[in-house]
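# Descriptive analysis of the structure
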Amino acid sequence: MTQLSPAPEPAAGATPGSTAKPASERSKSLYGGTGSRRITVRDIAAAKERGEKWPMLTAYDAMTASVFDEAGIPVLLVGDSMGNCHLGYESTVPVTMDEITLLSAAVVRGTKRSLVVGDLPFGSYQEGPVQALRSATRLVKEAGVGAVKLEGGERSAEQVELLVSAGIPVMAHVGLTPQSVNAYGGYPVQGRGEEAAQQLLRDAKAVQDAGAFAVVLEAVPAELAAEVTRSLHIPTVGIGAGLECDAQVLVWTDMAGMTAGRVPKFVKQYLNMRELLGGAAKEFAQEVVGGTFPAEEHTFH
């Protein structure tokens, strides 16, 4: 019987059974990279060339953002989803520039490495490119974001083009665009049927041609999202768009199980934070009522 040589030890940080990357490649990785500087849109483009997938989460405050930054999440979106999960609105539509700017600045202050992308809320760019530039400039100057995001494909291409020409990186968003909830009458899956699929593909190519560095595909059939991803040279960021997108994003309160009630089909809850936090609050309350908190170790003399 032939004596087999022992398998080499995996490189530091490598998962057993995986092919370890050279140290130089690992340092460039968006997730798990060793660099300490801010991620930029050039890093995003390089990841697309390498075929590297990467994660994105939303964030709305400095403390949560710092946790995600330390966890290695390379891109944080200060989404207008704050309307639903942070500010108590029924949709994203009421969110204002003041609110986005305030919370974007907090996320920037709470991070060191993540690329922070600030959403342009409803009504802040629909009038045209000049309004979009004014709104985006405010987010860059006052909040310090590294990029902005806006919804729409062909209808928003002129806005994207002007922002990019002014030096403001833009992440586009096509498919289900939540700011259009009143026009949709809800949150239906987009791109079903040949005509709708072709329009979505045209929308994605329009924002790419206008200079967007990435495009979010929301609530799109997986097969169509895969076709769009193959057709573009910029990365696609999926949310309810299947596995073939270059990146994936979730609203952090959905991901961590803070959201009450039913969550969208595309959400995976990695934690039941609502139950954990509620349990901690009840334990605190019981100790206060029972006279056991504060204990001696929490008391000054």
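Here we summarise the structure given alongside this text. (Residues numbered from 1 in each chain as written. Predicted model: local features only at pLDDT ≥ 70, side-chain atom pairs only at ≥ 80, totals over all residues. Heavy atoms only, no water.)

### Description of the pairing of strand β4 (residues 147–151)
Note the following rule: For the exposure calls, accessible area comes from a 1.4 Å probe over protein chains only, and a residue counts as buried if that area is under 20% of its type's maximum, exposed if over 50%, partly exposed in between. Elements are defined by DSSP. Helices are runs of H or I of four residues or more, strands are runs of E of two residues or more, and each kind is numbered from the N terminus. Strands qualify as paired when DSSP identifies two bridges or more between them. The path from the first strand over the helix to the second decides the hand: if it runs clockwise while the strands point away from the viewer, the crossover is right-handed.
The element β4 is largely enclosed, with a buried count of five among its five residues. The two faces of β4 match: Ala147, Lys149 and Glu151 on one face and Val148 and Leu150 on the other face are all buried. Note that strand β3 (residues 115–119) and β4 share three bridges and pair parallel. If you follow Asp119 over to β4, its bridge partner there is Lys149. With respect to chirality, the unit in which β3 leads through helix α6 (residues 129–143) into the neighbouring parallel β4 is right-handed. Strand direction decides the pairing type here: β4 and strand β5 (residues 170–175), joined by four bridges, are parallel. If you follow Glu151 over to β5, its bridge partner there is His173.

### Section: the environment of Ala210
Spelled out, the test is: What makes two residues a contact is simply this: any of their non-hydrogen atoms within 4.5 Å.
Inspection of the secondary structure assignment puts Ala210 in helix α9 (residues 194–210). Sequence separation of Ala210 and Ser156 is 54 residues, and the distance between their C-alpha atoms is 9.2 Å. Ala210 has contacts with Ala157, Val160, Glu161 and Val164, leaving out every residue within four places of it along the chain.

### Side note on the packing of helix α7 (residues 157–165) against α9
To keep things clear, this is the line we draw: Axis definition: a line fitted to C-alpha atoms, over the contacting stretch in the case of helices. Angles run 0 to 180 degrees between N-to-C directions. These descriptions rest on fixed angle ranges, namely under 35 degrees for roughly parallel, over 145 for roughly antiparallel, 65 to 115 for roughly perpendicular, and the rest for oblique. Handedness of a crossing follows from how the near helix is turned relative to the far one, being left-handed for an anticlockwise turn of less than a right angle and right-handed for a clockwise one. Ten residue types, Ala, Val, Leu, Ile, Met, Phe, Trp, Tyr, Cys and Pro, are classed as nonpolar, four, Asp, Glu, Lys and Arg, as charged, and the remainder, Gly among them, as polar.
At their nearest, the axes of α7 and α9 sit 8 Å apart, and the two run at 20° to each other. Viewed along their axes, α7 and α9 adopt a mutual orientation that is roughly parallel. In the packing of α7 onto α9, the handedness of the crossing is right-handed. Here α7 contributes Ala157, Val160, Glu161 and Val164 to the contact with α9, which in turn contributes Ala206, Val207 and Ala210. The residue makeup of the contact of α7 with α9, split by class, is six nonpolar, no polar and one charged.

### Some words on the pattern of salt bridges
Oppositely charged side chains may form a pair once their charged atoms are brought near each other. So the rule is basically this: We count a salt bridge whenever a side-chain nitrogen from Lys or Arg sits within 4 Å of a carboxyl oxygen from Asp or Glu.
Tallied over the entire structure, the rule returns six salt bridges. Where Arg50 meets Glu52, a salt bridge forms, and the shortest distance between an N and an O atom there is 2.4 Å. Overall, the relative accessible area of 30% leaves Arg50 in the partly exposed class. By relative accessible area, Glu52 is classed as buried at 10%. Connected via shared salt-bridge partners are Asp98, Arg138 and Glu142.

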